Amino acid sequence: MIADRLQRVQARIKAVDKNQQVTLIAVSKTRPVADLQQAINAGQRHFGENYLQEALDKIEVLQGQGLIWHFIGAIQSNKTQQIAQHFDWVQSIDRLKIAKRLNDQRPKDLPKLKVLLQVNIDNEVTKSGVSIDEIDEIITQFKGLTNLTLKGFMCIPNPDNSEQSFTKMRSVLNQYPDLDVLSMGMSYDLEFAIENGASFVRIGTDIFGKRD
Ligand SMILES: *Cc1c(COP(=O)(O)O)cnc(C)c1O
């Protein structure tokens with residue numbers, strides 16, 4: 001089942017991903033390890049998790065299989081140490097304080113932590129992320145954080161107008177020649193996202209089925 005669904009998602013991506021530059025992140029929050037293992041057996045390597053304790057258990061059990069772990073959930077200060085120790089990517093940085101803590105806590109024997117700034121692209125009060133106006137200043141401050149590599153932006157647009165939001169996100173990225181990663185696009189809008197230059201698409205339900 002999961003292998004079939006995964007294949008369908010891959011086919012959707014392939015149909016629009018002309019330059020073959022898109023990485024599929026399987027969003028596995030709330031899913032049991034057995035489900036992740038099915039996806040792994042079908043070739044999936046990148047996983048996105050939102051809840052730290054649950055993620056740490058999975059990372060431990062599934063170690064040694066060459067997986068790449070992305071933290072994509074809200075980050076409280078008291079969670080940064082373990083995120084810095086166990087993840088390859090953090091996509092959900094929404095304030096400098098969190099970036100500084102991750103930088104200080106990233107173990108020196110690991111590669112730099114790859115990070116994305118979460119942008120509240122539609123300025124929705126219910127969503128976290130920095131506003132477009134704040135990006136410049138935060139990026140300037142990132143320069144001192146030598147244990148992090150800022151790669152680009154992540155956004156979760158309002159589903160009602162996501163195509164316009166993706167276009168906006170793309171034009172923001174174009175202003176920063178050092179950055180080249182956009183994490184955007186979910187089950188219902190991955191085609192729009194890829195047409196606007198998404199590098200990561202984050203898909204949960206279409207791979208693993210409905211969450212309880
Ligand atoms: C849960 C989640 C997704 C995936 O959502 P689905 O509806 O399960 O496909 C993508 N991005 C983020 C940030 C999420 O929290």
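Preceding this paragraph is the structure being described.
Residues numbered from 1 in each chain as written. Predicted model: local features only at pLDDT ≥ 70, side-chain atom pairs only at ≥ 80, totals over all residues. Heavy atoms only, no water.

Q: Quick question: what am I supposed to make of the layout of surface pockets here?
A: Picture a little ball the size of a water molecule; that probe, rolled over the atoms, points out where space is still empty. Looking at the largest pocket, its volume works out to about 380 Å³. Residue lining of the largest pocket: 22 residues in total, with Lys29, Asn50, Ile72, Ile156 and Met186 positioned closest to the centre. Class assignment for the residues of the lining of the largest pocket results in 9 nonpolar, 8 polar and 5 charged. The space that makes up the second largest pocket amounts to roughly 300 Å³. For the lining of the second largest pocket, the element with the highest residue contribution is helix H6 (residues 135-142), accounting for 4 residues. (1 Å grid on protein atoms, 1.4 Å probe; cavity = no way out; pocket = protein on both sides within 12 Å on 5 of 7 lines; lining within 4 Å. Points joined across faces, edges and corners; volume = space filled by probe spheres on them. Nonpolar A, V, L, I, M, F, W, Y, C, P; charged D, E, K, R; others polar. Helix = DSSP H or I, 4+ residues; strand = E, 2+ residues; numbered from the N terminus.)

Q: Help me understand the site of the ligand in this model?
A: All residues in the neighbourhood of the ligand are listed as Val27, Lys29, Asn50, Ile72, Ile156, Met186, Ser187, Arg202, Ile203, Gly204, Thr205 and Arg211. Within the side chain of Asn50, a nitrogen or oxygen atom sits 2.8 Å from an oxygen atom of the ligand. At 2.7 Å from an oxygen atom of the ligand is found a side-chain nitrogen or oxygen belonging to Arg211. Within the complex, the protein chains bury 88% of what would otherwise be the 380 Å² of accessible surface of the ligand. When each cavity is represented as a set of grid points, the ligand is found to reside in the largest pocket. Counted by class, the shell around the ligand contains 5 nonpolar, 4 polar and 3 charged residues. (Near = heavy atom within 4 Å. Polar contact = N/O pair within 3.5 Å; in protein donor to acceptor, adjacent residues only side chain to side chain. Areas by Shrake-Rupley, 256 points an atom, 1.4 Å probe, with all protein chains shown as cover. Sits in = over half its atoms within 2 Å of the grid points.)

Q: Teacher, can you tell me more about the pattern of salt bridges here?
A: A side chain with one charge may pair with a side chain of the opposite charge, provided their charged atoms come close. Counted by the stated rule, this structure contains 6 salt bridges. Note that Arg12 is salt-bridged to Asp206, the shortest N-O span being 3.1 Å. With Arg12 in helix H1 (residues 2-16) and Asp206 in helix H9 (residues 205-208), this pair connects stretches of sequence that are 194 residues apart. According to the relative accessible area criterion, Arg12 is partly exposed, its value standing at 26%. Within this structure, Arg12, Glu191 and Asp206 form a network of salt bridges that share partners. (Salt bridge = Lys/Arg side-chain N within 4 Å of Asp/Glu carboxyl O. Buried < 20%, exposed > 50% of the residue type's maximum accessible area, 1.4 Å probe, protein only.)

Q: I keep staring at a negative patch on the surface and nothing clicks. Help me out?
A: On the surface, a cluster of negative charge is contributed by Asp133, Glu134, Asp136 and Glu137. Mapped onto the fold, Glu134 is located in the loop between strand E5 (113-119) and H6. (Patch = residues over 30% accessible without salt bridge, like charges linked within 9 Å, V, L, I, M, F, W, Y side chains within 5 Å. Lys, Arg positive; Asp, Glu negative; His and termini not counted. Charge placed at Lys NZ, Arg CZ, Asp CG, Glu CD.)

Q: What am I meant to see in empty space enclosed by the protein here?
A: Inspection of every chain in the model, using the stated rule, returns 1 cavity of 30 Å³ or more. Approximately 30 Å³ is the volume found for the largest cavity. For the largest cavity, the full set of lining residues is Gln118, Val119, Asn120, Ile121, Glu124, Lys127, Ser128, Cys155 and Ile156. Taken together, the residues of the lining of the largest cavity break down into 4 nonpolar, 3 polar and 2 charged.

Q: Looking at this structure, how should I read the packing of aromatic side chains?
A: We describe a pair of aromatic rings using the distance from one ring centre to the other and the angle between the two ring planes. All chains considered together, the criterion is met by 4 aromatic pairs. Ring geometry for Trp89 and Phe200: centres 4.9 Å apart, planes at 85°, overall edge-to-face. With a gap of 111 residues between them, Trp89 in strand E4 (residues 89-93) and Phe200 in strand E8 (residues 200-203) connect regions that are remote in the sequence. Taken individually, Trp89 and Phe200 each receive the classification buried, so the pair is uniform in this respect. Their ring planes at 75° and their centres at 6.0 Å tell us that Phe153 and Tyr176 sit as a pair that is edge-to-face. In this pair, Phe153 is assigned in strand E6 (residues 148-155) and Tyr176 in the loop between helix H7 (162-173) and strand E7 (181-183), connecting sequence segments 23 residues apart. (Phe/Tyr/Trp six-rings, centres within 6.5 Å; stacked < 30°, edge-to-face > 60°.)

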